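# Structure assessment
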Amino acid sequence: KEVAISYWGLWENDANVRPVIAAFESANPSIKVTYTKQSPKQYRERLTAAIARGDGPDVFRFHNTWVPMLRNELALVPKTVMTPTDFSSAFFPIASSSLVAGSSIYGIPIEIDGLGLYYNEDLFAKAGAKVPTTWEEMLSTVPQLTVKDGGTITTSAIALGTWGNVEHASDILATMFLQNGANLVSPTGKEAEETLIFFRKFSTPSDPVYTWNDTLDNSLYAFAIGRVAMMLAPSWRAFDVKEINPNLRFKIASVPQLPGTTATWASFWVEGVSAKTKNADAAWKFVQYLTSKEGVTKLYTEASKARMFGEPYARTDLAKTIADDPYLGAYIKQ
């Protein structure tokens, strides 16, 4: 009996996903998959409403932070598909923290992402500066890269210290909180205060590392046009940078650390199955293939034909294949 399942995605065009689906259907001729690329605008709200009405997708993509909000909509991963032990050995530790509770698994990650330190190669070469690996090194690097005309910043070293014009400011500050030992559930006390003071240094005119303020362009745009030497952002922002300025020479390094810390940030997308699907076996078989070594490799290859790179692998057995990539390597090493 032929079974038809629907799959909602977010970031991949049909042309990238179709070869992956074709490979799955070839191995499973009784299952037909229909892919729909959704708009990210109010996606979660539209997803939960569709599932509640009974006409939602069988398989869908969701963010790792949405598990508490989608508990009623998510079917648990069957143990025949993957056990918690299998899961923890297949994916990076943050995946288990986000998606596994006891013996329950709420979805399977298809990629991994977070924050990386974007840096302008030409501005660094011109200043004779080295890419900082620690926040202490950052403090000595900022004056080398900052260019001022009187009191006006003409070239900033790094987009830090403000909120409205720094993309991903909440992720950046949360990372800094973690590195300094603050509790994200209740970020109060000495550790949190020290972090906020440090964050604000970069936008305080009287501070030696003053390099950024509210009058400057949005951090992404400023980086793309060469007005800021560094910014902290996820891997997919590289596509936006290239679209704004195809000629910009940049790479991505790991997030600077405090002494003795290795805290970084994770933000990634997961494949799940609807709790209301009538074709659970077929849906999980598809998700199992989609997130397998073969499935994600094929998806990465197809996506790389259309843009700079595919989605960074969530699977640890594929980490080495992109660990030296000038854009993705930092996220994998972290």
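Just above sits the structure.
Residues numbered from 1 in each chain as written. Predicted model: local features only at pLDDT ≥ 70, side-chain atom pairs only at ≥ 80, totals over all residues. Heavy atoms only, no water.

### Overview of the overall build of the chain
This is how it is decided: A helix here means a DSSP run of H or I that spans at least four residues, while a strand means a run of E at least two residues long, and both kinds are numbered starting from the N terminus. Taken over C-alpha atoms, the radius of gyration is set against a globule rule of 2.2 Å times the number of residues to the power 0.38. Here the term buried applies to any residue with accessible area under 20% of the maximum for its type, exposed to any over 50%, and partly exposed to those in between, with areas from a 1.4 Å probe on protein chains only. Residue contacts are defined here by distance: any two heavy atoms, one from each residue, within 4.5 Å place the two residues in contact. The Shrake-Rupley method, run with a 1.4 Å probe sphere, supplies the accessible areas, and residue values consider only the shown protein chains as cover.
For the chain, the helix and strand inventory stands at 14 helices and 12 strands. At 22 Å, the chain has a C-alpha radius of gyration in line with the 20 Å of a compact globule built from 334 residues. The buried share among the 334 residues of the chain stands at 52%. Sequence-distant contacts, at least 24 apart, represent 69% of the contacts inside the chain between residues at least 6 apart. When the accessible surface of the chain is totalled, it reaches about 15300 Å², and 52% of it is carbon and sulfur.

### Points about the sheet that holds strand β9 (residues 152-158)
Heads up, the rule is: Two strands make a pair as long as DSSP finds a minimum of two bridges between them. Axis geometry follows a simple rule: fit a line to the C-alpha atoms, using only the stretch in contact for helices, then measure angles between N-to-C directions, giving values from 0 to 180 degrees.
Pairing is mixed in the open sheet, where 5 strands are placed in the order β8-β9-β10-β7-β11. Edge positions in the open sheet fall to β8 (147-149) and β11 (250-253), since each of these has one partner strand only. Neighbour to neighbour, the strand axes of the sheet diverge by 25 degrees on average, direction disregarded. Here β9 pairs with strand β10 (residues 228-233) via 2 bridges, running parallel. Paired with I158 across the two strands is M230, which belongs to β10. Against the sheet, helix α6 (residues 135-145) contacts β7 (116-120), β8, β9 and β10, and its axis sits at roughly 150 degrees relative to β9.

### Observations concerning the nonpolar core
We count it as follows: Buried Ala, Val, Leu, Ile, Met, Phe, Trp, Tyr and Cys residues that are joined via side-chain atoms within 4.5 Å together make up what is termed a nonpolar core.
By size, the foremost hydrophobic cluster in this structure holds 111 residues, and its most contacted members are F60, F62, Y118 and F286. Here this core gets 7 residues from one element, more than from any other, and that element is helix α11 (residues 280-290). Setting aside anything within four residues of it in sequence, one finds F286 in contact with I5, Y7, I21, F24, V33 and V59.

### Brief notes about the packing of aromatic side chains
Each aromatic ring pair is characterised by the separation of its centres together with the angle its planes make. In plain terms, the rule: Only Phe, Tyr and Trp rings take part, Trp by its six-membered ring, and two of them pair if their centres are within 6.5 Å. Stacked means planes under 30 degrees apart, edge-to-face means over 60, and tilted covers everything else. Remark: a charge is flagged as sitting over a ring if the NZ atom of Lys or the CZ atom of Arg is within 6 Å of the ring centre and within 35 degrees of the ring normal.
Taken as a whole and judged by the stated rule, the model has 20 aromatic pairs. Between the aromatic rings of F198 and F202, the centroid separation amounts to 5.5 Å while the plane-to-plane angle is 85 degrees, which identifies the pairing as edge-to-face. What makes F202 buried here is its relative accessible area of 0%. One aromatic cluster is present, formed by Y118, F223, F239, F250, F309 and Y327 through successive ring pairs. A cation over a ring is seen here: R44 above W66, with NZ or CZ 5.7 Å from the ring centre.

### A look at the sheet that holds strand β1 (residues 3-9)
Pairing in this open sheet of 5 strands is mixed, and the strands run β2-β1-β3-β12-β6 from one edge to the other. The open sheet has two free edges, formed respectively by β2 (31-37) and β6 (108-109), since each of these has just one partner strand. One ladder, built from 7 bridges, connects β1 with β2; its direction is parallel. Each residue of the ladder has a partner; that of S6, found in β2, is T34. Packed on one face of the sheet, helix α1 (residues 14-27) meets β1 and β2 and runs near 170 degrees to β2. In the packing of α11 onto the sheet, the strands contacted are β1, β2, β3 (59-63), β6 and β12 (269-273), and the crossing angle to β1 comes to about 50 degrees.

### Some details on unusual backbone geometry
The phi dihedral of Q42 is positive, around 55 degrees, even though this residue is not glycine. Note that Q42 resides in the loop between β2 and α2 (43-53). Even without a glycine there, the phi angle at H168 is positive, about 65 degrees. In this fold, H168 is placed in the loop between β9 and α7 (169-179).

### Comments concerning α2
For the record, the criterion: By construction, the arc corresponds to the directions joining the helix axis to the C-beta atoms.
Considered for burial, the residues of α2 that qualify are Y43, L47, A50 and I51. Taken down its axis, α2 places every buried residue within 95 degrees of arc, on the same side. Seen from the open side of α2, the exposed residues pointing more than 90 degrees away from its buried face are A52 and R53. Check the buried side of α2 and you find it contacts β1 and β3. Of the residues one or two after α2, G54 is the one with positive phi, at around 90 degrees.

### Focus: the pattern of salt bridges
As a reminder, the rule being used: A pairing counts as a salt bridge when a side-chain nitrogen of Lys or Arg comes within 4 Å of a carboxyl oxygen of Asp or Glu.
If you walk through the whole model with that rule in mind, you get 15 salt bridges. R61 is the partner of E271 in a salt bridge, and the nearest nitrogen-oxygen pair spans 2.8 Å. Taken together, the positions of E271 in strand β12 and R61 in strand β3 put the pair 210 residues apart, joining distant regions of the chain. According to the relative accessible area criterion, R61 is buried, its value standing at 1%. Between R315 and D317 there is a salt bridge whose closest N-O contact spans 3.0 Å.

### Notes on the pairing of β1
The buried fraction of β1 amounts to 5 of the 7 residues, a majority that puts the element mostly inside the structure. Across 2 bridges, β1 lies against β3 in parallel orientation. Following the sheet pairing, W8 is matched in β3 by F60.

Such coordinate-based values are descriptive only and should not be taken to indicate function.
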